[in-house]
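Tertiary structure, described
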Amino acid sequence: MWDVQQPVKPNPPSLSQWLYQAIDLPGVRLRLRLRGNNLHVLLESSRPPTAEAVRQRVEQALQKQTESFQVFFRNTDDPVYKVILYGRHLGQQRPDWIESIVLADLNLSLSTVSPTAELNPALSTALLSNEHLARTGSPEAIARYLSESLSHLGVSVKVLVQKLPETESPDATPLDVEPLEATPPPATHLKRLWVICSCHYSPDASLIAEPIAQQLRDLELKGFKEAIIRSQVQGETSPDWMLQVDLTHPTELLWEWAKWGDEAAIARLLNQKLAIHHLDTRVISEAQTLHIFCRPLPDHPAAPLIPPTQATLHTVGQCLRELLPQGITAAALYGIRTQTFPQTPPSATELAQLQTQPAWVNWLPLTHPVGETVLTRRELARRQHVPALTFLLQRCLNPDIEGFLATGGIRVKLCFRGSLLHVMTEAVVCPRQTLVVPKLETYLAHLDIPGVTGMRIYGRRAGQSSPLWSYGANCESETPDIVGEAATPTVELVVPSLPTQPVAAPRWPKLRALLQRAFCLTSIFLPHPDSAWQPSALSRWHRQVGWPAAIAWSLVGLVGTGLVDWQLSRYLATRVPAVATTPLSLEMELPETPAKGSGAGAAILAAARTPNPTFNNRLLDEKLALYQERIRQTGVVPDILIVGSSRAMRGIDPQLLQAQLAAQQLGGQPVQVFNFGVNGATAQVVELLLRRILTPEQLPKLILWADGARAFNSGRPDRTFEAIQSSAGYAQLEAGAFHQAALNRREPLLRDDPTPLNFSQLHHSIQRPYQTLNQATAQTLQQLSFSYGDRLRLHDWLRSHLGTATLPKMRLELSPDAEALELSPQEAITAEGFLPLDRQFDPETYYLAHPRVSGNYDTDYTSFTLRGKQLRATHRLLDYLANQSVPVVLINLPVTGDYLDETRQAHEVTFTQKLTAIATDSNLIFKDWGQVWPNRHGDFSDPSHLNRYGAAIVTQELAADATLPWQILLAK
């Protein structure tokens, strides 16, 4: 934002000075902000001018097209398409009026600098919409059309048109990706559209690419082969990512599918031709014949009772002779009196009825060129005909022709390399492996192409040069093998340097056969009935079935385990040096921690007193009871409620926030703060708590939602919320009885109350002996194991000799989140719900006791996506709190740089961009502090959780932030 008080006239003037001169109103202060292609101009004054006066002056200045206008509004990097004017009184938050000026509506010359140009009154007609103008192919109009939906994200759009050489293949891409088709058809498109998106940050491809692709497809541009979307950070020369969008006109796609004999495509083309006769058709292919059923359009006043024979034959025959569908030698035409067709492909009985009850029937032979062998598309595919197989696989992945024509669907590129079939699938959003692989694997197995012994299937976003996932299977084996990340060299199959044969491993089949036979000689495993090897006679061990075999092999296993454990302990004691541990040091002094344990005890006591049914979450039950009892005893609802997962529970100190706010923001007025952070709480859990569990009367004046990206991931299983859903408390919420029961609360239970224990008490009574048994079992095993005392030596030796570069990558159900870490008796929540931890994170010692889990294998980031249940819960909660006039501040709490590896970093960027966009369109205030302390390990208790030292700093920063709506706390 720039403030202009007393402008000086430099040469040349700045944008703010140029506008100040154009408006020429004394006492008016201007503030400018460029978001995308929209220039926002705020005019502040003690007596702001009227909207009409300001608009007229700005329009006159824009119409003059001075040199300054060309510099500021026709900038080649970030052109301005719209000027939005705001006027308000000084000190107000909301504007008094808003006016927008679309530069295209001013009849300005877009290419010539003409200082004397004036508005042509003869052309002051109603202007067409940007979408209508964009359909003409004008790059300026397309840019304005796309900018309408992207400017609010701060993304500016510029569109260029590139003419392509006539010899260029339609499948060539601007990203140096070799097309997999062996013989592409001749080019019919001559132009390529470049959409350049620039922003001060790097927007995620899924955030803007999919909407742009959909909008471009909706324009149905003619003469364009493709569009290349290029995302670039302002000031940088290389793009962050590029995306290719197929702009083939839907009619051309329809014609292409119809030539391959697709029934739905042929029916749509015939319906277009027969629309003048008020007819539509249903097409069914049988053998090499098309059965075409023509009927009058239902409920059309001009539709005939019976389809006219000659007109129908002429129209259909002309269309089919132009198409000559592959493998079709004739067509049978039926004129149907009925106006109803089956909604799905008709059964044999329905087809027979349609064929036996027509008004007329005619036969139309289709003559193919002389000497051409008429083969079906399936026969061509089995002969390794690439175009035919491409169509079949593409049709398999796009069963809905409407969706394919609208979005371009999933495209397929394939090639044969020796006995392997390589299939590349691509779309605007990378096709999901779980959806693509089963369909293609089943279809190709059913097709059974001779000479193909294996397949490799890949998925990528259109425009990328490398696949995002790959899958391999041997057509001759029963169990497909997954080509994981360790097999990424197969990505090179999209370039000419492909190996013509798969890498052979001659020793593995023999070793596998030996292991299978060894297992089968025991009584535990049996050979597969289809296996080529079967034992000729049962061995002595094999005849020992039942308990004797189980006891014998159990003894063998125990003895073997003991020997291995003994030898391992000897080796560790003599060969591996002991692990040196370094004690943690405190680098920051804080006031003494408040009496820990008092809050935990109060919470447990409140949970025992409350008649609330359990939510299958001990911490949620106890904090809810503590919160409700606090309101009953004081008669006051806390002013601020801190919500979120364990990161919130450990990350913001309520007591310190109360003191800091009273001193800095509220002029000494006391304020009440409660921390309702719950381990594992996602957006769904927070929404359930604030919107359904708490009543509107129990809501605070302000919500501080402290968490991070993983709490909003809709791709992972939400086990915390699922456990709550199966609880008695949730059942009462669904039945509408939870709050009614709260109105009829009884007094606290007496010791001699005959009422049985509630579920929470029963849970604790069962948990205590279980923990005792678990500890006793662990101690017994420690005494029996020789190597248990040297486990840290073993861990250190494995890390030094089997680093991550040589260890095989495995999918582990692990999470580095310390949500479930056991706390010592001295580490308990305070009376305000805060968990102050003294422990400090030290990477050198932390990973000796905890696994180092990368983002690729962190279950909190499984199938990471911000679209789905968590996003819907967030929007529901924001809408509800807006209706209750409760503002929400979402703080992305800091994490260590050790935690933010490449995978988590990418998800973090996606998260911050999405939350920034949500904050723009809602009452949410978003504070991104996720990466402010990458190396301050002393402020964390583990890689992703703050300790009480870090929580103190975050709390002080929050209290000192004057931009947050603290003033709402002063309202009565």
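Residues numbered from 1 in each chain as written. Predicted model: local features only at pLDDT ≥ 70, side-chain atom pairs only at ≥ 80, totals over all residues. Heavy atoms only, no water.

Here the focus is the overall build of the protein. Scanning the protein from N- to C-terminus turns up 30 helices and 23 strands. When the 972 residues of the protein are sorted by exposure, 46% land in the buried category. Excluding contacts between residues fewer than 6 apart, the proportion of contacts in the protein whose partners are at least 24 apart in sequence is 73%. Approximately 50100 Å² of the protein is accessible, and the part contributed by carbon and sulfur atoms is 55%. (Helix = DSSP H or I, 4+ residues; strand = E, 2+ residues; numbered from the N terminus. Buried < 20%, exposed > 50% of the residue type's maximum accessible area, 1.4 Å probe, protein only. Contact = heavy atoms within 4.5 Å. Areas by Shrake-Rupley, 256 points an atom, 1.4 Å probe, with all protein chains shown as cover.)

Our next topic: the sheet that holds strand β19 (residues 702-707). As summarised here, the arrangement of the 5 strands in space is β18-β17-β19-β20-β21, forming an open sheet in which the pairing is parallel. The open sheet has two edge strands with one neighbour each: β18 (673-675) and β21 (924-928). This sheet shows a mean twist of 20 degrees between the axes of neighbouring strands, independent of strand direction. Bridge count for strand β20 (residues 888-892) against β21 is 5 bridges, and the pairing is parallel. Looking at the pairing, Val 889 lines up with Ile 925 of β21. Across the sheet, helix α20 (residues 654-664) is in contact with β17 (640-643), β18 and β19; its angle to β18 comes to roughly 155 degrees. (Pairing = 2+ DSSP bridges. Axes fitted to C-alpha atoms, helices over the stretch in contact; angles between N-to-C directions.)

The next thing to look at is the pairing of strand β11 (residues 330-335). Of all 6 residues in β11, 6 are buried, a share of seventy percent or more. The alternating pattern of β11 places Ala 330, Ala 332 and Tyr 334 on one face and Ala 331, Leu 333 and Gly 335 on the opposite face, and all of these are buried. Strand direction decides the pairing type here: strand β10 (residues 289-296) and β11, joined by 6 bridges, are parallel. When the sheet's bridge partners are listed, Thr 289 is paired in β11 with Ala 330. Between β10 and its parallel partner β11, the chain crosses via helix α9 (residues 309-323), and the hand of that crossover is right-handed. Sheet analysis places β11 next to strand β12 (residues 360-365), joined by 6 bridges and oriented antiparallel. (Right-handed = clockwise from strand over helix to strand, strands pointing away.)

Looking now at the nonpolar core. Ile 292, Leu 320, Leu 389 and Leu 414 are the most contacted members of the largest nonpolar core, which has 60 residues in total. With 7 residues, helix α12 (residues 386-397) is the single largest residue contributor to this core. Phe 676, Val 886, Leu 900 and Phe 911 belong to the second largest nonpolar core, which has 56 residues in total. (Core = buried A, V, L, I, M, F, W, Y, C linked by side-chain atoms within 4.5 Å.)

Here the focus is the sheet that holds strand β8 (residues 241-246). Sheet architecture is open: 4 strands sit in the order β5-β6-β7-β8, paired in mixed fashion. Here the strands that pair on one side only, and so sit at the sheet edges, are β5 (156-163) and β8. Recorded for the sheet is a direction-independent mean angle of 20 degrees between the axes of neighbouring strands. Here β5 runs beside strand β6 (residues 191-199); their pairing, made up of 8 bridges, is antiparallel.

You can see Arg 630 is positioned in helix α18 (residues 618-634). For Arg 630, a relative accessible area of 18% puts it in the buried group.

On the secondary structure map, Leu 626 appears in helix α18. In this structure Leu 626 comes out as buried when scored by relative accessible area, which is 10%. C-alpha of Leu 626 to C-alpha of Glu 832: the two residues are 206 residues apart in sequence and 9.0 Å apart in space.

Attention now moves to unusual backbone geometry. Positioned with a positive phi, Leu 324 is a non-glycine residue whose angle comes to about 45 degrees. Within the element layout of this structure, Leu 324 appears in the loop between α9 and β11. Exposure remark for Leu 324: the relative accessible area of 26% places this residue in the partly exposed category. In this structure, Ser 885 is a non-glycine residue whose phi angle is positive, near 60 degrees. Here Ser 885 is to be found in the loop between α28 (869-883) and β20. We classify Ser 885 as exposed; its relative accessible area is 56%.

Turning to a nonpolar patch on the surface, a few remarks are in order. A cluster of nonpolar side chains, contributed by Leu 511, Leu 515 and Phe 519, occupies part of the molecular surface with about 270 Å² of accessible area. On the secondary structure map, Leu 511 appears in helix α15 (residues 507-520). In this structure Leu 511 comes out as partly exposed when scored by relative accessible area, which is 42%. (Patch = residues over 30% accessible without salt bridge, like charges linked within 9 Å, V, L, I, M, F, W, Y side chains within 5 Å. Salt bridge = Lys/Arg side-chain N within 4 Å of Asp/Glu carboxyl O.)

Take the packing of α20 against helix α30 (residues 948-960) next. Where α20 contacts α30, the axes come no closer than 9 Å and their chain directions differ by 30 degrees. As judged from the angle between their axes, α20 and α30 are roughly parallel. Viewed along their axes, α20 and α30 form a crossing whose handedness is right-handed. For the pair α20 and α30, contact is made by Leu 656, Leu 657, Gln 660, Leu 661 and Gln 664 and by Ala 952, Thr 955, Gln 956, Ala 959 and Ala 960, respectively. Each residue belonging to the contact of α20 with α30 can be placed in one class, and the counts come to 6 nonpolar, 4 polar and no charged. (Parallel < 35°, antiparallel > 145°, perpendicular 65-115°, else oblique. Left-handed = near helix turned anticlockwise from the far one by under 90°. Nonpolar A, V, L, I, M, F, W, Y, C, P; charged D, E, K, R; others polar.)

This part is about the pattern of salt bridges. This structure, assessed with the given rule, holds 27 salt bridges. One salt bridge connects Arg 268 with Glu 402, and the closest N-O pair in it is separated by 2.4 Å. On the criterion of sequence distance, the pair formed by Arg 268 in helix α8 (residues 263-274) and Glu 402 in helix α13 (residues 401-407) is long-range, its members being 134 residues apart. Two residues, Asp 901 and Arg 904, come together in a salt bridge whose shortest N-O distance is 3.6 Å. Arg 904 gets classed as buried once you look at its relative accessible area, which sits at 2%.

The next thing to look at is the side chain of Thr 682. For Thr 682, the location among the structural elements is in the loop between β18 and α21 (683-693). Thr 682 sits in the buried class, given a relative accessible area of 1%. Of note is the side chain of Thr 682, whose polar atom sits 2.5 Å from the side chain of Asp 718. (Polar contact = N/O pair within 3.5 Å; in protein donor to acceptor, adjacent residues only side chain to side chain.)

Here the protein shows a mean pLDDT of 75. Residues at 70 or above account for 70%. Averaged over each element, pLDDT in the protein is lowest for helix α25 (residues 759-784) (55) and highest for β17 (95). Within the model, pLDDT remains below 50 along residues 108-127, and this stretch shows 26 contacts once partners closer than five positions in the same chain are excluded. (pLDDT = per-residue confidence, 0-100.)

Glancing now at the pairing of strand β1 (residues 29-35). Sheet analysis places β1 next to strand β2 (residues 38-45), joined by 7 bridges and oriented antiparallel. The partner of Arg 29 across the bridge, within β2, is Glu 44. Hairpin connection, β1 to β2: the antiparallel pair is bridged by 2 residues, and Gly 36 has positive phi, about 65 degrees.

Tallying each qualifying case throughout the model produces 17 aromatic pairs. Ring geometry for Phe 712 versus Phe 911: centroids 5.4 Å apart, planes at 40 degrees, classification tilted. Placement of the pair is Phe 712 in the loop between β19 and α22 (719-725) and Phe 911 in helix α29 (residues 902-920), with a sequence separation of 199 residues. Residues Phe 712 and Phe 911 agree in their burial class; the two are buried. Here the aromatic residues Trp 257, Trp 260, Phe 391 and Phe 404 are joined through ring pairs into a cluster of three or more. The side chain of Arg 852 reaches across the aromatic face of Tyr 847, ending 3.8 Å from its centre. Positioned over the ring face of Tyr 899 is Arg 904, at 4.2 Å from the centre of the ring. (Phe/Tyr/Trp six-rings, centres within 6.5 Å; stacked < 30°, edge-to-face > 60°. Lys NZ or Arg CZ within 6 Å of the ring centre and 35° of its normal.)

Along helix α23 (residues 728-735), the residues that are buried comprise Gly 729, Tyr 730 and Leu 733. Projected down its long axis, α23 carries its buried residues within an arc of 95 degrees, all on one side. Facing away from the buried surface of α23 by more than 90 degrees, the exposed residues are Glu 734 and Ala 735. Two to three positions downstream of the cap, the backbone nitrogen of Tyr 730 sits 3.2 Å from a side-chain oxygen, assigning the N-cap of α23 to Ser 727. (Arc of directions from axis to C-beta.)

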